[in-house]
Amino acid sequence: MDNSSLQAISIKSIERRYSELSASILHTPTIRLSSPLLSNLIKESELYMKLECFQHSGTFKARGALSATKQITEEDKKFGITAASAGNHAIAAAWAAKVEKLSAKVVMQTSANPFRVSLAETFGAEIIMKEGGVATFAEADRLMREENRTFIHPFEGINTTLGAAGVGLELIDDHTDLDAVVVAVGGGGLMSGVAAAVKLKNRNCEVYAVEPIGANSMSQSIKVGKPVTLNKIDTIADSLAPPMALPFSYSVCEKFVDQFVTVTDDQICAGLSLLQEEAKLAVEPAAGAVVAAAIWPLNKKLIGKKIGLVICGANIDAQSYQRYLIRGAHIMRKAVN
């Protein structure tokens, strides 16, 4: 990767992009989570939830999608945008196109949750369904070639990182004395932005990244020193499940993230259950992964610390949510007994 692109990630560039997006993006609240159960599990800690689940489109993805969409030239705006996604990015890209008054043709996988397909349609995008993986991206590529649409990548590139950095900027400005921040990783768009903003504002704040054990492309990439593609994905956290890491987000994560950890699907469900019972929040598995990491692999490191938890999204259908809650409640009963 060109080092100049990485060097372009600075506190000035992050604040400038944040200002450019501020008229359309919500400054989501950061709320202290007061929970006797969690206080018992993570001793002497203070937990602060960054509620990005209340962002436009239901996830942080709105920030990166709008950041990238706003960079489209006046000449290219008339052709509109396209995107490829299993869910949250499709919704966010459709929303961003609506904000910028652009047409959108969004390619979604046939395996996508119908709830998320419906949300993307709500924002006025034309939805094209294709088989997952190669076929989805091939259709987006066709739309770029034949219709001159601008492709809005789900997680890679400086514009995505700068947009997502607003999450970290708000969090660290609202609570300047955080000791640690925990963030879920899919492709690395959110992770790269939050890590950069937090570290550039407060280098003493530890930044922890969490992945599902069945979709850990970024931590595998960090281990071998270059982006890797996984042969298999196996997790309920579909928004954390791209099969590969890519150069830009990988490079930013490598520079700014202190440690990567993994959690199981059972632990993710337990995190969902805890957020529902202790925080009264109904969120998707990616958010549950953050709480799971704080309870299990990061527990000893977070004792006595002031911790920011990025609650990244809430786009989940009622049936799946109910199933995961029941599974998670069973795991938590075993953990606390």
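Before reading on, note that the structure itself is shown above.
Residues numbered from 1 in each chain as written. Predicted model: local features only at pLDDT ≥ 70, side-chain atom pairs only at ≥ 80, totals over all residues. Heavy atoms only, no water.

A. Quick peek at the side chain of R63. Relative to the helices and strands, R63 is located in helix α4 (residues 61-69). Using a relative accessible area of 1% as the deciding quantity, one classes R63 as buried. Of note is the side chain of R63, whose polar atom sits 2.5 Å from the side chain of E52. (Helix = DSSP H or I, 4+ residues; strand = E, 2+ residues; numbered from the N terminus. Buried < 20%, exposed > 50% of the residue type's maximum accessible area, 1.4 Å probe, protein only. Polar contact = N/O pair within 3.5 Å; in protein donor to acceptor, adjacent residues only side chain to side chain.)

B. Spotlight on the sheet that holds strand β1 (residues 30-33). The 6 strands are arranged β1-β2-β10-β7-β8-β9 in an open sheet whose pairing can be described as mixed. Pairing within the sheet leaves two strands with one partner each, and these edge strands are β1 and β9 (259-263). If you compare each strand with its neighbour and ignore which way they point, the axes differ by 25° on average. Pairing geometry for β1 and strand β2 (residues 46-51), over 4 bridges, is antiparallel. Bridging from a neighbouring strand, I31 pairs with M49 of β2. Helix α9 (residues 158-174) rests against β1, β2, β7 (180-184) and β10 (306-311) of the sheet, and its axis sits at about 140° to β2. The strands that helix α11 (residues 217-224) touches are β8 (206-212) and β9; relative to β9, the one it contacts most, it runs at about 140°. (Pairing = 2+ DSSP bridges. Axes fitted to C-alpha atoms, helices over the stretch in contact; angles between N-to-C directions. Contact = heavy atoms within 4.5 Å.)

C. The sheet that holds strand β5 (residues 126-130), seen in detail. Taken in spatial order, the 4 strands line up as β5-β4-β3-β6 in an open sheet, and their pairing is parallel. In this open sheet, the two strands that pair with only one neighbour each are β5 and β6 (150-151). By the bridge criterion, 2 bridges tie strand β3 (residues 81-85) to β6 in an arrangement that is parallel. In the sheet register, T82 faces β6, and the bridge partner there is F151. On top of the sheet, helix α6 (residues 88-99) reaches β3 and β4 (104-109); it is set at about 165° to β3, its chief contact. Strands β4 and β5 of the sheet are contacted by helix α7 (residues 114-122), whose axis makes an angle of about 150° with β5.

D. The layout of surface pockets, seen in detail. The volume enclosed by the largest pocket comes to roughly 570 Å³. By residue number, the principal contributor to the lining of the largest pocket is helix α10 (residues 189-201), which donates 3 residues. The class makeup of the residues in the lining of the largest pocket is 18 nonpolar, 14 polar and 4 charged. (1 Å grid on protein atoms, 1.4 Å probe; cavity = no way out; pocket = protein on both sides within 12 Å on 5 of 7 lines; lining within 4 Å. Points joined across faces, edges and corners; volume = space filled by probe spheres on them. Nonpolar A, V, L, I, M, F, W, Y, C, P; charged D, E, K, R; others polar.)

E. Inspection of the nonpolar core at higher detail. Grouped together as the largest cluster of nonpolar side chains are 84 residues, with contacts concentrated most on V182 and I311. At 9 residues, helix α14 (residues 285-295) tops the list of elements feeding residues into this core. In contact with V182, other than residues within four places in its own chain, are Y208, V210, V290, A293, L298, L302, I307, G308, L309 and V310. Judged by nonpolar contacts, the second largest core, of 19 residues, contains A90, A97, A120 and A125. (Core = buried A, V, L, I, M, F, W, Y, C linked by side-chain atoms within 4.5 Å.)

F. View of α6. Its 12 residues give α6 an end-to-end C-alpha distance of 17 Å, which sits within 8% of 16 Å, the value for a rise of 1.5 Å per residue. Most of α6 sits out of view: 10 of its 12 residues are buried. The set of residues buried in α6 consists of N88, H89, A90, I91, A92, A93, A94, W95, A96 and A97. In this structure, the buried side of α6 is in contact with α4, β3, β4 and α7. A positive backbone phi angle near 60° is found at K101, which sits one or two residues after α6. (Expected span 1.5 Å × (residues − 1).)

G. Quick peek at the pairing of β3. Taking burial as the measure, the 5 residues of β3 include 5 buried ones, the bulk of the element. Of the two faces of β3, the one carrying I81, A83 and S85 and the one carrying T82 and A84 are both buried. For β3 and β4, the ladder comprises 5 bridges, and the chain directions are parallel. Bridging from a neighbouring strand, A84 pairs with V107 of β4. Handedness of the β-α-β unit built from β3, α6 and β4 comes out right-handed. (Right-handed = clockwise from strand over helix to strand, strands pointing away.)

H. Representation of unusual backbone geometry in the model. The residue K101 is not glycine, and still its phi comes out positive at about 60°. Look at K101 and you get exposed, because its relative accessible area is 74%. One non-glycine residue, K280, lies in the positive phi region at around 60°. Secondary-structure assignment places K280 in the loop between α13 (265-279) and α14.

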